[in-house]
Amino acid sequence: MSSSPETKEMKKTSAASSIDYIDEKTKQVLQFIEEVTTKADEIQNQVLAEILSCNSQAEYLQRHGLNGCTDPDTFKKVVPVTSYENLKPDIDRLVANGNNSPVLCAQRISQFMLSSGTSSGAMKLIPSTEEQAERSWYLWSLIPPVVNQHIPGLNEGKAMQLFFVVAHITTPGGIVASPVSTSFNKSSKFKNLFTNIDPYRNYTSPLETIHCEDSHQSMYSQLLCGLYQNEQVLRLGCSFGTGFIQAIKFLQEHWRHFCDDIRNGTIEVDHAKITDPSVRNAVMRVLVKPNPELADFIEDECSRDESWKGIVSRLWPNAKCVDTVVSGTMSHHISTIEFYTNGLPIVSTLYACSECFLGINLNPPSKPREVCYTLIPTMAYFEFLPMFEEEDHRNQEREQRRQELVSLVDVKLGQEYELVITNYAGLYRYRVGDVLRVEGFKNNAPQFRFIRRNNEVLSIDLDKTNEVELQNAVTNAAEHLADKLNVSLVEYTSFADTSTHPGHYVIYWELQRSDSNASAILLVMEECCLIMEESLGAKYRQLRADKNIIGPLEIKIVETGTFQTLMDHARDNGSSIGQYKTPRSFKSGPVLKLLNSKVRSNYFSQQCPRP
């Protein structure tokens, strides 16, 4: 959707007048965003031409007959839309042989980014280059000027932003592989933030505490430093809402130890278990002296209310916002974060994935469920696969249209698309798997809301239940549970059990402890099962009620701490706490066995849903 010339001119004039009174760096960033979003189509064509020209000798492009051509129409005609599974043979060659030949791109592969792989158990190795990393850093540098326009004063204090790393691996071909968060936090540019202080990124955590690969020592030391500097903290956060809640739970478990350490101005090894000398020394540079007054304050606040309502805003009284991502099915955590923070604004600034840093939120104060990201046209070449309703897929013409990708400036307001990228590191017309909805435009660049991953999480027969449908069903049932028993849902996941006849959906719930009697729980949980079934799609209900192809939905209640155990399992297998997202479904394997070992009770739907 293009703006009229008059509208464009008005926007430019407005932007120019609004940035006359701000610092030069902010002015440059806002002018850059204004320019690239106005010239989005032109810049996208330039980006594609640059990628194809630089990588003209890549085996992948030559294999598909591109032969140095940079014409967009030819590119789209000869290069197929692809996925990780299609590229895996080429990536396996890089894993085994390193950079001995330009398999995917002409530039040297500097590292592999490890995707989380939490649901399948198999991590993906995404190739990256130094140029790709530079672009990611540049996008990250755009965030402070944008946020400061909406939440002023953040440069005048500190940020308690929690970062975590894991040990990297080295492939047989000699290329380092690690999660994108680890790669980012261990980079030289990130290290420079601690020698050349950026006012917006003046962190309470010393670098040594961030680089500690032991998650307990890292979490303990970062929280201790954040508490000691509590009055200076203006911004708190973690990459994802899952990690932020994990930090609150860790605080609940260890707050008495934090009080002791702050009161005495030292770290007690017995309870803190800080055995890394570099971490200990770094923390001691922060704990310059005992502070019994602060220790008493923390003790009073943590012991005052068993529910811990508002604990974050009470312990960090000057905090203005929480910086974390809670989009898609992570929106399940919004109410929990708001409970602990007394409704502090949740700011989600960055849209990124292992394949590419993609866009930023130009309206940071927006409500968490309304967050939109503007894809920055210089980051990659963007295309979009239209998403249609299941009924439309039966129509051959519709299906053919679905395979016709749409360019960045040609997407339609309100339409959902799967994101397809061509980046500088050898991914061409690559299906990222994210489903985005167009919510508006910044000049000629669309603004997207993240909806879900484009994969069904549950399927028995012809039914295809995606993350959003499952989330809605769980939300409806959880609200009924809270209303009837005053019990909250902590976390959930699912499994399509085809070992039974007929197969059925299994939903794993971790709940807050309930004092209700067993008969009351049985009745309410059976009602919750039916509510979930009533909330699922028409195809599910038809196969369940009319054709008896799907059996009654089952909810399994797991013991307290089960999802923490799942996170620990993922961490032990290479995932970072900061990058971890609770999978909404599991396949068969050791994680499923672990889940089932934690089941304490189970309930089935006693009625069929309305078809």
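For the structure, see preceding data.
Quick caveat: nothing in here was measured; it's all calculated off a predicted structure. (Residues numbered from 1 in each chain as written. Predicted model: local features only at pLDDT ≥ 70, side-chain atom pairs only at ≥ 80, totals over all residues. Heavy atoms only, no water.)

## Description of the side chain of T38
(1) Moving on: Note on placement: T38 falls in helix α2 (residues 24–38).
(2) Moving on: Looking at T38, its side chain comes within polar contact range of the side chain of N443, at 3.1 Å. (Helix = DSSP H or I, 4+ residues; strand = E, 2+ residues; numbered from the N terminus. Polar contact = N/O pair within 3.5 Å; in protein donor to acceptor, adjacent residues only side chain to side chain.)

## Let's talk about the environment of S588
(1) Moving on: Topologically, S588 is positioned in the loop between α23 (562–572) and α24 (590–597).
(2) Moving on: The class for S588 is exposed, based on a relative accessible area of 66%.
(3) Moving on: Each C-alpha atom, one on S588 and one on D497, is 9.1 Å from the other, the two residues being 91 residues apart in sequence. (Buried < 20%, exposed > 50% of the residue type's maximum accessible area, 1.4 Å probe, protein only.)

## Some remarks on empty space enclosed by the protein
(1) Moving on: One pass over the structure, following the stated rule, counts two cavities of 30 Å³ or more.
(2) Moving on: Every residue along the wall of the largest cavity is listed here: M160, L223, L236, F244, A247, I248, L251, V312 and W316.
(3) Moving on: In the lining of the largest cavity, the residues fall into nine nonpolar, no polar and no charged. (1 Å grid on protein atoms, 1.4 Å probe; cavity = no way out; pocket = protein on both sides within 12 Å on 5 of 7 lines; lining within 4 Å. Points joined across faces, edges and corners; volume = space filled by probe spheres on them. Nonpolar A, V, L, I, M, F, W, Y, C, P; charged D, E, K, R; others polar.)

## Points about the side chain of Q222
(1) Moving on: If you trace the backbone, Q222 turns up in helix α12 (residues 215–228).
(2) Moving on: Accessibility expressed as a relative area gives 0% for Q222, which makes it buried.
(3) Moving on: Residue contacts for Q222: discarding those within four places in its chain leaves Q161, L162, F163, F164, S205, T209 and I210. (Contact = heavy atoms within 4.5 Å.)

## Quick word on the nonpolar core
(1) Moving on: Among the nonpolar cores identified, the biggest contains 93 residues, and I360, F382 and L419 are the most heavily contacted of them.
(2) Moving on: Looking at this core element by element, the count peaks at six residues for helix α3 (residues 40–54).
(3) Moving on: When sequence neighbours within four positions are dropped, the list of residues in contact with L419 reads Y351, L358, L375, F382, E383, F384, Y430, R431, V432, G433, D434 and L436.
(4) Moving on: Ranked by size, the runner-up nonpolar core spans 48 residues in total, among them M160, C225, I274 and I298. (Core = buried A, V, L, I, M, F, W, Y, C linked by side-chain atoms within 4.5 Å.)

## Examining helix α15 (residues 277–286)
(1) Moving on: For α15, the set of buried residues is V279, A282, V283 and V286. Buried residues of α15, seen end-on, are gathered within an arc of 95 degrees and therefore sit on one face of the element. Exposed and oriented more than 90 degrees from the buried face of α15 are P277 and R285.
(2) Moving on: Those residues of α15 that are buried are in contact with α11 (207–211) and α12. (Arc of directions from axis to C-beta.)

## Concerning the packing of aromatic side chains
(1) Moving on: Using the criterion set out here, one finds 19 aromatic pairs in the structure.
(2) Moving on: On the numbers, 5.1 Å between centres and 85 degrees between planes, the contact of W137 with W140 is edge-to-face. Here W137 pairs with W140, and both are found in helix α7 (residues 130–141), just three residues apart, close to one helical turn.
(3) Moving on: For W140, a relative accessible area of 10% gives the class buried.
(4) Moving on: Ring centres of F384 and Y417 lie 5.9 Å apart, and the angle between their planes is 70 degrees; this geometry places the pair in the edge-to-face category. (Phe/Tyr/Trp six-rings, centres within 6.5 Å; stacked < 30°, edge-to-face > 60°.)

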